[in-house]
Structure formats: structure tokens, C-alpha cells
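Coordinate analysis (summary)
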Amino acid sequence: MRIAIAADHAAYELKAFLADRLREWGHDVLDLGTNGPERVDYPDFGYKLAQAVANGDAERGVALCGSGIGISIAVNRHPACRCALVSEPLSAALAREHNDANVIAMGARLTGQDMAIACLQAFLSGEFGGGRHSGRVEKLTNPNFERTEA
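Residues numbered from 1 in each chain as written. Predicted model: local features only at pLDDT ≥ 70, side-chain atom pairs only at ≥ 80, totals over all residues. Heavy atoms only, no water.

Right, let's get into the sheet that holds strand E2 (residues 28–31). With parallel pairing, the five strands of this open sheet are ordered in space as E2-E1-E3-E5-E4. Only two strands of the sheet have a single neighbouring strand rather than two, namely E2 and strand E4 (83–85). Direction aside, neighbouring strands of the sheet carry axes that sit 25° apart on average. The sheet contact formed by strand E1 (residues 2–7) and E2 spans four bridges and is parallel. Paired with Arg2 across the strands is Asp28, a residue of E2. (Pairing = 2+ DSSP bridges. Helix = DSSP H or I, 4+ residues; strand = E, 2+ residues; numbered from the N terminus. Axes fitted to C-alpha atoms, helices over the stretch in contact; angles between N-to-C directions.)

It is worth spelling out the packing of aromatic side chains at this point. Considering all chains together, one arrives at zero aromatic pairs under this definition. The ring of Phe17 has Arg21 sitting right over it, with the charged end atom 4.4 Å from the ring centre. Over the ring of Phe123 we find Arg60, and its NZ or CZ is 5.3 Å from the ring centre. (Phe/Tyr/Trp six-rings, centres within 6.5 Å; stacked < 30°, edge-to-face > 60°. Lys NZ or Arg CZ within 6 Å of the ring centre and 35° of its normal.)

Now for helix H1 (residues 12–24). Taking 1.5 Å as the rise per residue, H1 with 13 residues should run 18 Å; its terminal C-alpha atoms sit 18 Å apart, in good agreement. Those residues of H1 that sit buried are Leu14, Lys15, Phe17, Leu18, Ala19, Arg21 and Leu22. Considering only its buried residues, H1 is in contact with E1, E2, strand E3 (60–65), strand E5 (103–107) and helix H5 (113–125). (Expected span 1.5 Å × (residues − 1). Buried < 20%, exposed > 50% of the residue type's maximum accessible area, 1.4 Å probe, protein only. Contact = heavy atoms within 4.5 Å.)

Right, let's get into the nonpolar core. Counting 26 residues, the largest nonpolar core has Leu18, Val62, Leu64 and Met106 as the members making the most contacts within it. If you list the elements that add at least two residues to this core, you get E1, H1, E3, helix H4 (89–99), E5 and H5. In terms of residues, this core owes the most to one element, H5, which gives seven residues. Those residues in contact with Leu18, other than ones at most four positions away along the chain, are Ile5, Val62, Leu64, Met106, Ala116, Ile117 and Leu120. The next biggest cluster of nonpolar side chains, apart from the first, holds 18 residues, and it includes Ala4, Leu49, Cys81 and Cys83. (Core = buried A, V, L, I, M, F, W, Y, C linked by side-chain atoms within 4.5 Å.)

What follows concerns the pattern of salt bridges. Inspection of every chain in the model, using the stated rule, returns seven salt bridges. Measuring nitrogen to oxygen at the nearest pair gives 2.9 Å for the salt bridge that ties Arg2 to Asp28. Remark: Asp28 occurs in strand E2 and Arg2 occurs in strand E1; sequence separation between them is 26 residues. Ionic pairing is found between Asp20 and Arg23, a salt bridge with its closest N-O pair at 3.5 Å. Here Asp20 pairs with Arg23, and both are found in helix H1, just three residues apart, close to one helical turn. (Salt bridge = Lys/Arg side-chain N within 4 Å of Asp/Glu carboxyl O.)

Okay, here's the thing in C-alpha cells:
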């Protein structure tokens, strides 16, 4: 799977760590930066990641900043992205199963490496459940979508 990963200055070390794990697991990684401690603006990297996922340059994405909040908001500005802020594996799995999330966000100042790995594994191994969730997910990009089933 091709996975895009992006971070701001607060999360560049976690990004490098996760990118290495993804490569070890056999994934193709599209590293969108940043690559050092110099202050940058998380929206710039969130927008880059969202564009890569929306364009099909990556199947899934991993967005990182200090808390995960700011970059998740930036990614979710793109209607083709469904970014879930996660802090443990159950929320990562449910983001895939119920919300068909194509991006997860985590906070490097709040999530340690072991927990980040567990979240990433749950996210990547999860599948969208479809069914009753399909109409809800459709409404995320098409607010006027009307369900036809009861």
C-alpha cells in the first residue's frame, strides 16, 4: 500500500520513526515532510497530505503534529479526506470500520511510539464495514444524500 505521511516540527521525529516502520512492513511511503525542528505551519503539511490522498498519490495517510488536532482539521478541509484523530488502537480500528477513514492523525506530544505503532497497525489492517455506515459516510461529502433503505 502507498501511504503518505506528513508532520509539523513538533512531530518530525515520530514521522521518521513511523515512516521507517511502514517501510519495514513493506509499504511504499510518500514522505511529505517536515524533516527537522525548524518551526513550520501544520496546515501546510495537512493540505499537502490531503491533496496526495485525494489525487490518488497515496491510498491512506498519516498526519502528525504536536496534539494531532490542528493537522487533522487541515486534512479534513478537503472533501475527499476523512481524517480521524486517534490516541489508541480501538479508535483507529473504528475509524476504518465505521467512518471509512483514509487518514489518521496523532499527536506526537501525547502519543508514544508504541501506542502510535498500535494505532497505525489497527488503522492499516481495518476494513470499512459498509452497510448501515455507508449512507453516513456518503453524507460527509454529499450533505444532500438521501437514504433509500428504511
